[in-house]
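Listed below are the residues making up each chain.
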Amino acid sequence: MKLTADRIIDAGMAVFAESGYHGLSMRLVAERLDTFAGSLYYHVPSKSALLQLMANRLAQQAYDAGTAALAALPEQADWKARVEAQAASLRTSIRRNPGGAVMFADSPKVLSAGALSLMERLLQTLADAGVPEDHRGIAADALLSHVTGFVLQEQGNPPALPVTEQDAADLHERFPMTVAVAAARDEGEKFTLSVRLICAGIETSMNSYPAPDTAAAAG
């Protein structure tokens, strides 16, 4: 098959899923494509450029999924429903890619246009909701960090040692509330409720606390 940037990105994402950032190399990507590393540079000039393309693809997929999720909302949907739709579609998109949470977490650092578009739209949603300008960045960071961290746990490796029935019984006895909380809901329901709690906190801050510059001026 003809070597293209898209095929190189596919191979790069596969290597990244298996080996992570530090294990990613142009040599391994070339081996997966059954070619020489030198032949990749005509399409992708460096590992850094490849990481940017990979992160941008992931974020762009999430952005497009978010666009579809927002379009499916009823016209009267409030800002919290719009935030929830963006968060849910982002989680789904990241989960489709092994190692996607790590890749997405690094996407702003490589100036992924897709990741910046996600942030810009979320900031606009918060602005439309009336969140003060000085609070929007913190709120958006909290939401995106929560999504990334949640998926990072979902994509984590299972325990190295098997958990026996006795281990489980001991944990239940020592940490009854923690075990009960962990078993109370499935991951999808837990994610939805967690995003709603963050939105509730943002709403409370809008009504209860002045923006940082106003508080400083008052002091």
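Remember, predicted model here, so these are calculated numbers, not experimental data.

What counts and how
Residues numbered from 1 in each chain as written. Predicted model: local features only at pLDDT ≥ 70, side-chain atom pairs only at ≥ 80, totals over all residues. Heavy atoms only, no water. Helix = DSSP H or I, 4+ residues; strand = E, 2+ residues; numbered from the N terminus. Contact = heavy atoms within 4.5 Å. Areas by Shrake-Rupley, 256 points an atom, 1.4 Å probe, with all protein chains shown as cover. Buried < 20%, exposed > 50% of the residue type's maximum accessible area, 1.4 Å probe, protein only. Polar contact = N/O pair within 3.5 Å; in protein donor to acceptor, adjacent residues only side chain to side chain. Patch = residues over 30% accessible without salt bridge, like charges linked within 9 Å, V, L, I, M, F, W, Y side chains within 5 Å. Salt bridge = Lys/Arg side-chain N within 4 Å of Asp/Glu carboxyl O. Phe/Tyr/Trp six-rings, centres within 6.5 Å; stacked < 30°, edge-to-face > 60°. Lys NZ or Arg CZ within 6 Å of the ring centre and 35° of its normal.

Chemist: I'd like a rundown of the overall build of the chain, residues and numbers included.
Modeler: Each helix and strand in the chain was counted, giving 12 helices and zero strands. For the chain, the succession of helices and strands along the chain, N to C, is α-α-α-α-α-α-α-α-α-α-α-α. Taking the principal axes of its C-alpha atoms as reference, the chain extends roughly 60 × 50 × 40 Å. In the chain, once contacts between residues fewer than 6 apart in sequence are set aside, the share between residues at least 24 apart is 71%. Within the structure as shown, the chain displays about 13,000 Å² of accessible surface, and the carbon and sulfur contribution to it stands at 56%.

Chemist: Explain the side chain of Ser 89 to me, and be specific about the residues and the numbers.
Modeler: Of note, Ser 89 is situated in helix H5 (residues 79-95). Taking the relative accessible area as the measure of exposure, Ser 89 reaches 8% and is therefore buried. Side-chain polar atoms of Ser 89 contact the backbone oxygen of Gln 86, separated by 3.0 Å. Ser 89 has contacts with Ala 62, Ala 65, Gly 66 and Ala 69, leaving out every residue within four places of it along the chain.

Chemist: Mind laying out a nonpolar patch on the surface, listing which residues take part and the relevant values?
Modeler: On the surface, Val 163, Leu 171 and Phe 175 cluster together to form a nonpolar patch covering roughly 260 Å² of accessible area. Within the element layout of this structure, Val 163 appears in the loop between helix H8 (133-154) and helix H9 (165-174). Since its relative accessible area comes to 53%, Val 163 is described here as exposed.

Chemist: Quick one: what's the story with the packing of aromatic side chains, residue by residue and with numbers?
Modeler: According to the stated counting rule, one finds one aromatic pair in the structure shown. Geometrically, the ring pair formed by Phe 150 and Phe 191 is edge-to-face, given 5.1 Å between the ring centres and 70° between the ring planes. Note that Phe 150 is positioned in helix H8 and Phe 191 in helix H11 (residues 187-208), a separation of 41 residues in sequence. The residue whose ring lies beneath Lys 47 is Tyr 21, and the NZ or CZ to ring-centre distance is 4.4 Å. The ring of Phe 191 has Arg 91 lying over it, and the distance from NZ or CZ to the ring centre is 5.1 Å.

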